[in-house]
Amino acid sequence: MSPSSVVHSTEEDLEKTVMDIRSLSSSHRHPQDAPYVHKVGLPPKQNLFSEFKATVKETFFADDPLRPFKDQPRSKMFILGLQAIFPIFEWGRSYNFSKFRGDLIAGLTIASLCIPQDIGYAKLANLDPQYGLYSSFVPPLIYAFMGSSRDIAIGPVAVVSLLLGTLLQNEIDDPVGNAAEYRRLAFTATFFAGITQVTLGFFRLGFLIDFLSHAAIVGFMGGAAITIALQQLKGFLGIKKFTKKTDVVSVMHSVFASAHHGWNWQTIVIGVSFLSFLLVAKYIGKKNKKFFWLPAIGPLISVILSTFFVYITRADKQGVQIVKHIQQGINPSSVDQIYFNGDYLLKGVRIGIVAGMVALTEAIAIGRTFAAMKDYQLDGNKEMVALGTMNVVGSMTSCYVATGSFSRSAVNYMAGCQTAVSNIVMAIVVFLTLKFLTPLFKYTPNAILAAIIISAVIGLIDFDAAYLIWKIDKFDFVACMGAFFGVVFASVEIGLLIAVSISFAKILLQVTRPRTAILGNLPRTTVYRNILQYPEAAKVPGVLIVRVDSAIYFSNSNYIKERILRWLMDEDELVNKSGLTKIQFLIVEMSPVIDIDTSGIHAMEELFRCLQKREIQLILANPGPAVIDKLHASGSAQLIGEEKIFLTVADAVASCCPKSVGEV
């Protein structure tokens, strides 16, 4: 064969191949020369057990906690199991003197802060001062072995102390006259607070505490801070007869009613002087991080100086109220004082659940904050088990509900803590205080404890966070203010109830009234976006494109159907007024629709029938795997028409009006 004939033959073969490719391509195209359209794929079928197993695993075991145990020998599995329950055995292997030095300084620093705070917080809970100190001895030791946070400082906190005191006083009106019953109910509530926390952690139900939104927590904490500060006016002003209510109206009425005969000027001088000192110390520590220790040791210095002043001047003889007796010795057993039957059992359970959930929310928020700052992972479920265990053990050793403290944890962090050993150091200092130093607090004035608590809770009022919430989400701000005013003008439990109710209301509103949008085409692209967000996006003549930004469930399916039909009515009015092309196609963009239930399927079928009567074709774009599977299983895909289900909005538009696609 000659070279020219070879070339000619090669050219013919190439031309034939190109023609075959073109022919093959055209055979896959739309009759109107539209581009090749991919069909929406069906996910592989799963049996009921596999689907249920996958759902349970994703809900409760998303972090795959058993992964480290895979393919390990039994001896290794035992060690890993021990480390999972007691993380101290894991990080303790790499513990050294350098870390201990940081923990020692941090532990001593937070001990100087916690001792005066604990005495004051016990009064908030209407308990004798030593019970506050007890709660900073046993629980921190338990947490040090079981907790996974390196920075949390454990002990009584203002908000939980006030909440517990308020709830207990609702059941036992006179904490002094019925001191024994009141204490027993406090220990019972602490026991069930711990049981609640352990249960949530063991059954991996930690997601339940996330239902209390950040906005609600900000409002609740701010309201509680003001309530706590107002409660301290009794000790700050030296008032003997004071209201048992916590709302601002009752408190201020009680304060001004006793103005002429109930205030003590010596007490006021002590309170104002040392409160000013504490606030200045806090300001200096905030402005210059090198002086973080100043606000930390400020309360202890205040206690020492004020106690010495009262002792040498015998100001207690002039009406200055003092702490008087703090029982010496470490925690006595209280196992036999917990109510396991009788009328107070259910009351203890109810109070314990509420106090336990609030304490848990505060501790997890603190732990996550500092874990993010130090770039390590915090296991929320382990934290719940650790916090719950320490409260169960604490209830048996004369403690009331303990949790992570914002102020002490911040000091712990700034003091250079490395591990939970700082809690052990703090507990040892509290132990020595209980054993040897409690008689020294006899002449400590109540005014100084009030000043310490006021200076501590001021930090819980977060104006910046409230302003940011206002800027970001007005509904969140309503939740924030609802919780705030509920606490300030009603009570702590009412404020908490409002916070939870508004958080749930927001969830229900978002579920029952999901966002929907009309989409238009961005010029010179095949991208379709919300016309409100992108004013330049143009509607396609004769086509209404709607996006549903939510799963379609029984709670919102009827709303979604009616919302789409209302939009069609609006479009019809525009057509009648301006003479635009009548709507012939409705395209529903289903990318955000992660799931659909039987009510949703029924609503889609009803929408299809309504559109048929109006001579409008229903077209679906990009349904997800769960949605397309259920559409086929129910027969809805066949009812709508499988050829009317497309991978993208662009494909759907091309099938509706191919000539206008290029013009849009």
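How each quantity is defined
Residues numbered from 1 in each chain as written. Predicted model: local features only at pLDDT ≥ 70, side-chain atom pairs only at ≥ 80, totals over all residues. Heavy atoms only, no water. Helix = DSSP H or I, 4+ residues; strand = E, 2+ residues; numbered from the N terminus. Rg over C-alpha atoms; globule rule 2.2 N^0.38 Å. Buried < 20%, exposed > 50% of the residue type's maximum accessible area, 1.4 Å probe, protein only. Contact = heavy atoms within 4.5 Å. Areas by Shrake-Rupley, 256 points an atom, 1.4 Å probe, with all protein chains shown as cover. Pairing = 2+ DSSP bridges. Right-handed = clockwise from strand over helix to strand, strands pointing away. Axes fitted to C-alpha atoms, helices over the stretch in contact; angles between N-to-C directions. Parallel < 35°, antiparallel > 145°, perpendicular 65-115°, else oblique. Left-handed = near helix turned anticlockwise from the far one by under 90°. 1 Å grid on protein atoms, 1.4 Å probe; cavity = no way out; pocket = protein on both sides within 12 Å on 5 of 7 lines; lining within 4 Å. Points joined across faces, edges and corners; volume = space filled by probe spheres on them. Nonpolar A, V, L, I, M, F, W, Y, C, P; charged D, E, K, R; others polar. Phe/Tyr/Trp six-rings, centres within 6.5 Å; stacked < 30°, edge-to-face > 60°. Lys NZ or Arg CZ within 6 Å of the ring centre and 35° of its normal. Lys, Arg positive; Asp, Glu negative; His and termini not counted. Salt bridge = Lys/Arg side-chain N within 4 Å of Asp/Glu carboxyl O. Patch = residues over 30% accessible without salt bridge, like charges linked within 9 Å, V, L, I, M, F, W, Y side chains within 5 Å. Charge placed at Lys NZ, Arg CZ, Asp CG, Glu CD.

J.: Looking at this structure, how should I read the overall build of the protein?
T.: From N to C terminus, the protein includes 28 helices and 8 strands. Against the compact-globule benchmark of 26 Å for 664 residues, the protein has a radius of gyration of 34 Å, which places it well outside the compact range. Over its C-alpha atoms, taken along the principal directions, the protein stretches across nearly 120 × 65 × 55 Å. In the protein, which comprises 664 residues, the proportion classed as buried is 49%. By sequence separation, contacts in the protein at least 24 residues apart represent 81% of the contacts at least 6 residues apart. Surface summary for the protein: the accessible area is close to 33200 Å², and the carbon and sulfur share equals 63%.

J.: Whenever I open this one, the pairing of strand S6 (residues 585-589) confuses me. Can you help?
T.: Residues in a regular strand project their side chains so that they alternate between the two faces of the sheet. S6 sits mainly inside the fold: 5 of its 5 residues count as buried. Residues Phe 585, Ile 587 and Glu 589 of S6 are buried on one face, and the alternating residues Leu 586 and Val 588, pointing to the opposite face, are buried as well. Bridge analysis of strand S5 (residues 543-548) against S6 gives 5 bridges, and the strand direction is parallel. Bridging across to S6, Arg 547 finds its partner in Glu 589. Crossover handedness for the path S5 to helix H23 (residues 557-578) to S6: right-handed. Bridge count between S6 and strand S7 (residues 617-621): 5 bridges; the pairing is parallel. Looking at the pairing, Ile 587 lines up with Ile 619 of S7.

J.: What is the right way to look at the sheet that holds strand S4 (residues 528-530) in this model?
T.: Sheet strands pair by backbone hydrogen bonding; their relative direction is either parallel or antiparallel. If you trace the 6 strands from one edge of the open sheet to the other, you get S4-S3-S5-S6-S7-S8, paired in mixed fashion. Since the sheet does not close on itself, it has two edges, and those belong to S4 and strand S8 (645-646), each with one partner. Pairing between strand S3 (residues 516-521) and S4: 3 bridges, direction antiparallel. Residue pairing in the sheet places Asn 521 in a bridge with Tyr 528 of S4. Packing of helix H27 (residues 649-656) onto the sheet brings it into contact with S4, S5, S6, S7 and S8, and relative to S6 it is tilted by some 170°.

J.: I would appreciate a short explanation of the packing of helix H7 (residues 138-146) against helix H18 (residues 421-437) in the present structure.
T.: Helix packing geometry: the angle between the two helix axes and the distance between the axes. Interhelical geometry of H7 versus H18 gives an angle of 160° and a closest axis separation of 8 Å. Classed by the angle they form, the pair H7 and H18 counts as roughly antiparallel. Here H7 and H18 pass one another in a crossing that is left-handed. Contact with H7, carried on its side by Pro 140, Leu 141, Tyr 143 and Ala 144, involves Asn 423, Ile 424, Met 426 and Ala 427 of H18 and no other residues of that element.

J.: Help me understand the layout of surface pockets in this model?
T.: Over the atoms a probe the size of a water molecule is rolled, and this reveals where empty space is left. Taken as a whole, the second largest pocket spans an internal volume of roughly 1200 Å³. As for the second largest pocket, its lining consists of 41 residues, of which Lys 123, Leu 124, Asn 126, Val 176 and Lys 234 are closest to the centre. Put simply, the parts of the chain that give the lining of the second largest pocket at least two residues each are helix H5 (97-124), helix H8 (158-171), helix H9 (179-202), helix H11 (233-237) and helix H19 (446-457). With 5 residues, the top contributor of residues to the lining of the second largest pocket is H8. Taken together, the residues that form the lining of the second largest pocket break down as 15 nonpolar, 15 polar and 11 charged.

J.: Where do I start with the packing of aromatic side chains in this structure?
T.: Given two aromatic rings, their pairing is described by the distance between the two centres and the angle made by the two planes. As enumerated under the stated definition, the model contains 15 aromatic pairs in all. Through pairs of rings, three or more aromatic residues link up here, namely Tyr 131, Tyr 134 and Phe 187. Sitting over the face of the ring of Tyr 339, Arg 184 holds its NZ or CZ atom 4.1 Å from the ring centroid. A cation sits over an aromatic face here: Lys 474 above Trp 470, 4.7 Å from the ring centre.

J.: Which parts of the structure should I look at to understand the side chain of Glu 362?
T.: Take Glu 362: it is sitting in helix H15 (residues 343-374). Despite its burial, Glu 362 pairs with no opposite charge; the closest candidate is Arg 408, at 8.7 Å N-O. Residue contacts for Glu 362: discarding those within four places in its chain leaves Val 157, Val 159, Val 160, Met 221, Gly 404 and Phe 406.

J.: Whenever I open this one, a positive patch on the surface confuses me. Can you help?
T.: A surface patch of positive charge is lined by Lys 282, Lys 286, Lys 287 and Lys 289. You can see Lys 286 is positioned in helix H13 (residues 265-287).

J.: Explanation requested: a nonpolar patch on the surface in the structure shown.
T.: A cluster of nonpolar side chains, namely Phe 207, Leu 208, Phe 211, Phe 504, Ile 507 and Val 511, defines an oily patch on the protein surface of about 430 Å² accessible area. The topology assignment puts Phe 504 in helix H22 (residues 492-512). Residue class for Phe 504 comes out partly exposed when judged on its relative accessible area of 37%.

J.: Quick question: what am I supposed to make of the side chain of Ser 409 here?
T.: Mapped onto the elements, Ser 409 comes out in helix H17 (residues 406-414). Residue classification places Ser 409 among the buried residues on the basis of a relative accessible area of 0%. When residues no more than four places from it in sequence are discounted, the contact partners of Ser 409 are Asp 151, Ile 152, Ala 153, Ile 366 and Phe 370.

J.: For this particular structure, what's the right way to read the pairing of S3?
T.: Extensive coverage of S3 is indicated by the burial of 6 of its 6 residues. Side-chain alternation along S3 places Thr 516, Ile 518 and Gly 520 on one buried face and Ala 517, Leu 519 and Asn 521 on a second face that is also buried. Two strands pair when backbone bridges link them, and S3 and S5 are joined in this way by 3 bridges, in the antiparallel orientation. Note that in S5 the partner of Ala 517 across the bridge is Arg 547. In this antiparallel pair of consecutive strands, S3 and S4, the connection spans 6 residues, and Arg 524 shows a positive phi of 60°.

Spatial relationships are all this shows, so hold off on functional conclusions.
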